[in-house]
Amino acid sequence: MLIYSAITSLDGYVAAADGGFEWAAPDEEVHAFVNDLERPVGTYLYGRRMYEVMRFWETASAGADQSPVTVDYARIWQAADKVVYSRTLKAASTTRTRIERDLDPDAVRQLTASADQDLSIGGPELAGQAIEAGLVDELRLVLVPVVVGGGRRSLPEHVRVELELLDERRFSSGVVYLRYRVRR
């Protein structure tokens, strides 16, 4: 299964117009929940920008000042394979990572079909391509109770996808989790 997961503002942005996403940092309750969602993921598919943000997790568990939930996520991320789609990145700076130049829908279908574990696609541009190509099976959105007014959209424009709500959860911080299956 290919899953698109995103932490997004209520108005649908993963980053504000200035590129900032500090408002998206989950509290301990949400972080622990996200960790449990990510545990079954065996491979992450990233665009270059998302990979550059996520590679923080390569060494995050080494810090003595890290919370247990942060260390847990770092270990989950480190244990998974990563495929980075980039035309400019020459080499990966993390283990278990390979570079591909373009998102090939047929190759992703093969990877998904042959995988023993779930795949997760991260980054709104790459995920948008995958959604448009009909590759994504589920969308998992963590809605943060903030309106940022513009920036990088979490979902692609001009693409219609019918969804079925599978799960929802409300957190004490006002964050809401929504899980949808793509209707085929």
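These numbers come from a predicted model, not from an experiment.

Cut-off values and rules
- Residues numbered from 1 in each chain as written.
- Predicted model: local features only at pLDDT ≥ 70, side-chain atom pairs only at ≥ 80, totals over all residues.
- Heavy atoms only, no water.
- Buried < 20%, exposed > 50% of the residue type's maximum accessible area, 1.4 Å probe, protein only.
- Helix = DSSP H or I, 4+ residues; strand = E, 2+ residues; numbered from the N terminus.
- Salt bridge = Lys/Arg side-chain N within 4 Å of Asp/Glu carboxyl O.
- Core = buried A, V, L, I, M, F, W, Y, C linked by side-chain atoms within 4.5 Å.
- Contact = heavy atoms within 4.5 Å.
- Pairing = 2+ DSSP bridges.
- Axes fitted to C-alpha atoms, helices over the stretch in contact; angles between N-to-C directions.
- Polar contact = N/O pair within 3.5 Å; in protein donor to acceptor, adjacent residues only side chain to side chain.
- Phe/Tyr/Trp six-rings, centres within 6.5 Å; stacked < 30°, edge-to-face > 60°.
- Lys NZ or Arg CZ within 6 Å of the ring centre and 35° of its normal.

### Brief notes about helix H5 (residues 124-132)
Note that an α-helix has 3.6 residues per turn; residues three or four places apart therefore point the same way.
Then step 1. Regarding H5, the residues found buried are Pro124, Leu126, Ala127, Gly128, Ala130 and Ile131.
Then step 2. A positive phi of about 75° marks glycine 134, the residue just after H5.

### Topic: the pattern of salt bridges
Then step 1. Scanning the model with the defined rule gives 16 salt bridges in all.
Then step 2. Ionic pairing is found between glutamate 125 and arginine 152, a salt bridge with its closest N-O pair at 3.6 Å. With glutamate 125 in helix H5 and arginine 152 in strand S8 (residues 151-153), this pair connects stretches of sequence that are 27 residues apart.
Then step 3. Given a relative accessible area of 47%, glutamate 125 falls into the partly exposed group.

### Focus: the nonpolar core
Then step 1. Among the nonpolar cores identified, the biggest contains 22 residues, and Leu2, Tyr4, Leu45, Tyr85, Val108, Ile121 and Val136 are the most heavily contacted of them.
Then step 2. It is H5 that contributes the most residues to this core, 4 residues altogether.
Then step 3. Once you skip the residues sitting within four places of it in the chain, valine 136 turns out to touch Leu2, Tyr4, Ile121, Ala127, Ala130, Ile131, Val182 and Arg184.
Then step 4. Counting 14 residues, the second-largest nonpolar core is a separate cluster that includes Tyr46, Ala74, Trp77 and Val84.

### A look at the sheet that holds strand S1 (residues 2-9)
Then step 1. With mixed pairing, 8 strands are arranged side by side in an open sheet as S5-S4-S3-S6-S1-S7-S10-S9. At either end of the open sheet lies a strand with only one pairing partner, and these are strand S5 (97-100) and strand S9 (163-170). Recorded for the sheet is a direction-independent mean angle of 20° between the axes of neighbouring strands.
Then step 2. Bridge count for strand S3 (residues 41-47) against strand S4 (residues 81-85) is 5 bridges, and the pairing is parallel. Within S4, the residue paired with threonine 43 across the bridge is aspartate 81.
Then step 3. Strands S3 and S4 of the sheet are contacted by helix H3 (residues 68-79), whose axis makes an angle of about 85° with S3.

### Examining the pairing of S3
Then step 1. Counting buried positions along S3 gives 7 out of 7 residues, so the element sits mostly inside the fold.
Then step 2. Note that S3 and strand S6 (residues 118-122) share 5 bridges and pair parallel. Across the sheet, the residue bridging to threonine 43 is leucine 119, located in S6.

### Quick notes on unusual backbone geometry
Then step 1. Of note in this structure, arginine 96 is not a glycine but carries a positive phi near 55°.
Then step 2. Residue position: arginine 96 is located in the loop between S4 and S5.
Then step 3. Positive phi, normally seen in glycine, also occurs at histidine 158, with a value near 65°.
Then step 4. Residue placement: histidine 158 occurs in the loop between S8 and S9.

### Some details on the environment of arginine 96
Then step 1. Among the residues examined, arginine 96 registers a relative accessible area of 45% and is labelled partly exposed.
Then step 2. C-alpha separation for the pair arginine 96 and aspartate 81, spaced 15 residues apart in sequence, amounts to 4.9 Å.
Then step 3. In this structure, arginine 96 is in contact with Gln78, Ala79, Ala80, Asp81 and Lys82, ignoring residues within four places of it in sequence.
Then step 4. Looking at arginine 96, its side chain comes within polar contact range of the main-chain oxygen of alanine 80, at 3.5 Å.
Then step 5. Among the polar contacts made by the side chain of arginine 96, one reaches the side chain of aspartate 81 at a distance of 3.0 Å.

### Quick look at the packing of aromatic side chains
Then step 1. Here the structure, examined in full by the defined rule, presents 5 aromatic pairs.
Then step 2. Ring centres of tyrosine 44 and tyrosine 46 lie 5.6 Å apart, and the angle between their planes is 5°; on these two criteria the pair is classed as stacked. Tyrosine 46 carries the same exposure label as tyrosine 44, and that label is buried.
Then step 3. Note on tryptophan 57 and tyrosine 73: the rings are 4.7 Å apart at their centroids and 75° apart in plane angle, and the pair reads as edge-to-face. Taken together, the residues span a long stretch of sequence, with tryptophan 57 in the loop between helix H2 (48-54) and H3 and tyrosine 73 in helix H3 at a distance of 16 residues.
Then step 4. Through successive ring pairs, a cluster of aromatic residues spans Phe33, Phe171 and Tyr177.
Then step 5. Over the aromatic face of tryptophan 77 sits the side chain of lysine 82, whose NZ or CZ is 4.1 Å from the ring centroid.
Then step 6. Directly above the ring of tyrosine 13 sits arginine 153, whose terminal nitrogen or CZ lies 5.2 Å from the centroid.

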